[in-house]
Amino acid sequence: MFILQNALKNLMRNKGRNLMIGAIIFVIILTTVVSLIINNTSAAVIADYKERFASEVYITPDMQKVMEDAQKNSTDGRVMIKKPEIPSEQLLQFANSEYLKESIATGSIMANNADIQAIDQDDSNSSGTGSTSIAGEGGMMRSPGMNGNYKLMGDSWEEFNEGLRSLESGRLPESDGEGVISDELRDLNSLGLGDIITFTANMSVDAPADMSSDNVQEGDKVTVDGIEYTASITGMGTVRLQREVTYPLTVVGVYHDLTDEYANDNMPKSAGFNRRNEILTTLDTLIAQRKTSETGVNVNVTYYLKSPEMLEPFEAEVRAKGLDDLFNVNTDTASYEKVVKPVEGLKSISITFMVVVIILGSIILLLLASISIRERKYEIGVLRAMGMKKAKVALGLWFEIFTVTCLCLVIGLAAGTVAAQPVSDMLLQNQAETAQSNAAQGAMMMGPGGKQLGGAQLGGAQTSANPLSEMKISLDFVTISEIIAISILLASFAGFVSISKITKYEPIKILMERN
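This text gives an overview of the structure that appears in the document. Since this is a predicted model, take the numbers as computed values, not measurements. (Residues numbered from 1 in each chain as written. Predicted model: local features only at pLDDT ≥ 70, side-chain atom pairs only at ≥ 80, totals over all residues. Heavy atoms only, no water.)

## Here's the deal with the packing of aromatic side chains
So the rule is basically this: Classification of ring pairs uses Phe, Tyr and Trp, with its six-membered ring standing for Trp, and accepts pairs whose centres are within 6.5 Å; under 30 degrees between planes counts as stacked, over 60 as edge-to-face, and the remaining range as tilted. Under the DSSP-based scheme used, a helix requires at least four consecutive residues in state H or I and a strand at least two consecutive residues in state E, with every element numbered from the N terminus. The rule is simple: take the accessible area with a 1.4 Å probe, protein chains only, and divide by the maximum for that residue type; under 20% is buried, over 50% is exposed, in between is partly exposed. Think of it as a cone above the ring: NZ of Lys or CZ of Arg counts as a charge over the ring if it is within 6 Å of the ring centre and within 35 degrees of the ring normal.
Within the structure shown, the criterion is met by four aromatic pairs. Measuring from ring centre to ring centre gives 5.8 Å for Y303 and F314, while their planes differ by 50 degrees; the resulting arrangement is tilted. One end of the pair, Y303, is in strand β14 (residues 298–305); the other, F314, is in helix α8 (residues 311–320), and eleven residues separate them in sequence. Looking at Y303, the relative accessible area reads 1%, which means it is buried. Three or more aromatic residues joined by ring pairs form one cluster here, namely W157, F160 and Y255. Positioned over the ring face of Y262 is K269, at 4.8 Å from the centre of the ring.

## Description of the pattern of salt bridges
The test is simple: In what follows, salt bridge is the name for a side-chain nitrogen of Lys or Arg lying within 4 Å of a carboxyl oxygen of Asp or Glu.
One pass over the full model with this rule turns up 14 salt bridges. We note a salt bridge from R171 to E178, for which the minimum N-O separation is 2.9 Å. Residue classification places R171 among the partly exposed positions, given a relative accessible area of 30%. E184 is the salt-bridge partner of R276, the closest N and O atoms lying 3.1 Å from each other. Linking R276 in the loop between β12 (239–257) and β13 (278–281) with E184 in helix α6 (residues 183–189), this pair joins segments that are 92 residues apart in sequence. One salt-bridge network, in which partners are shared between bridges, spans E159, R165, E184, D257, R275, R276 and E278.

## What about the pairing of β12?
For clarity, the cut-off: We treat two strands as partners when DSSP finds at least two bridges between them.
Burial analysis of β12 places 14 of its 19 residues in the buried class, the great majority of the element. For strand β7 (residues 165–170) and β12, the ladder comprises five bridges, and the chain directions are antiparallel. Of the residues in β12, the one forming a bridge with R165 is D257. In this sheet, β12 lies alongside strand β8 (residues 178–182) in parallel orientation, the contact comprising five bridges. Note that in β12 the partner of S182 across the bridge is Y255. Relative to β12, strand β9 (residues 196–205) runs antiparallel, the two sharing ten bridges. Looking at the pairing, M203 lines up with R243 of β12. Across four bridges, strand β11 (residues 227–233) lies against β12 in antiparallel orientation. Within β12, the position partnered with S232 by the bridge is R240.

## Topic: the nonpolar core
Using the following cut-off: The term nonpolar core refers to a set of buried residues drawn from Ala, Val, Leu, Ile, Met, Phe, Trp, Tyr and Cys, joined through side-chain atoms within 4.5 Å. Any pair of residues with heavy atoms lying within 4.5 Å of one another is described as a contacting pair.
Among the nonpolar cores identified, the biggest contains 42 residues, and I59, L152, F199, Y247 and Y303 are the most heavily contacted of them. When residues of this core are assigned to their parent elements, the largest contribution, five residues, is made by β12. Not counting residues within four places of it along the chain, the set of residues in contact with Y247 comprises I109, L152, I197, T198, F199, A201, M203, T285, L286, Q289 and V297. Grouped together as the second largest cluster of nonpolar side chains are 25 residues, I37, I38, L368 and I401 included.

Structure representation (structure tokens):
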């Protein structure tokens, strides 16, 4: 007890020296607090974005290969570019992989109904699904049209998870053949739970190679694989084969919709684009009407890897399952690098700054501790002459440093927590500006990108992601534990210097030198 009391009294007796030591320790702790908070928060942000961007797999057409393939297969000088599609069965088959954490499958198809009226319905737009031609250099690209008044959505519940849609009455579909409609569509047509609504849609199949507008007329009936289709001639003179299918759906629920009726203000006011005309059902309901060789149901499957490192074996697996070479398999690494690059720079700066301050601060602390012990030689000699052992004297000196360190730790934690956010914002802003400047210089050096076709980039993947410009700083238990551990090590280091000096002093020699 005497050792502790004497140590506390010594702190008050030697205020100037202890304040100087405390100032050095405070600067080290303050820097450590700010750096560790920024470092640990940055690490969490980097891990989150790595999981977000590097785990979601994108299977997209390589448009450069598509153009080359179309030019190679052109026989009459006209290049007909058709966006390649992956059969839905194949997309669903890809989901059965040991490398995936999960997969989310959704589908949609445009449809019509002659018995009810759609919101913003235009009677001239009720002929079922068609196709839209997109002009590009060297040819045309066909893509699914928007000629239906209704959009049947399979297993599309994202808006419910986000709180943008909610059930007003009834329930969600539990089996095939059930559907949920919007409250506005219900009110417009006086529909109720249990009503059966029958929708019509078109399925398409590729025309045989020997079939052309020379031997087939508009409206001809053509049988392919035992199924009868109606022929139509496109504006490019090619033959398109379609058949009509029906979707009888029982209304089991009504949803209230908070989403915008149209995705953006530039969209035409048409029933096919109005989200209140979306009918929600199961994916199995939609694909049950489609034959293996047919198109019409737009199936989208999102794949999430267990780990970003599994991309290469997953790609090898889907290639083995029949994925065409016209498609690329990748993750959004470009967005990841663009968003996270400033954070990685911030993390590196914070750690480097902390290490430099700790090293320099420790050297200064070492010098101050040495000077302090030399000034207190007589005090140590008196205590030793009174019979106090070296260990107790060393413990008293260590307790002095430890007390100063604890006081600095409390003040440093409070000050560091307040200072971490503005320091992080300033450094992150500088890193973001540097990243954007480097990206702009890289774009200027590379020159214009690849050719554009219908909005698709042909010269390589482009990202619209912006660098992270703001990061919410927080002090967690792990960071506090690390700061306390560093503070104890710092106090122990200074105490070790004192102890090493004490062992060299003999009390009689110290007192004789003083006399």
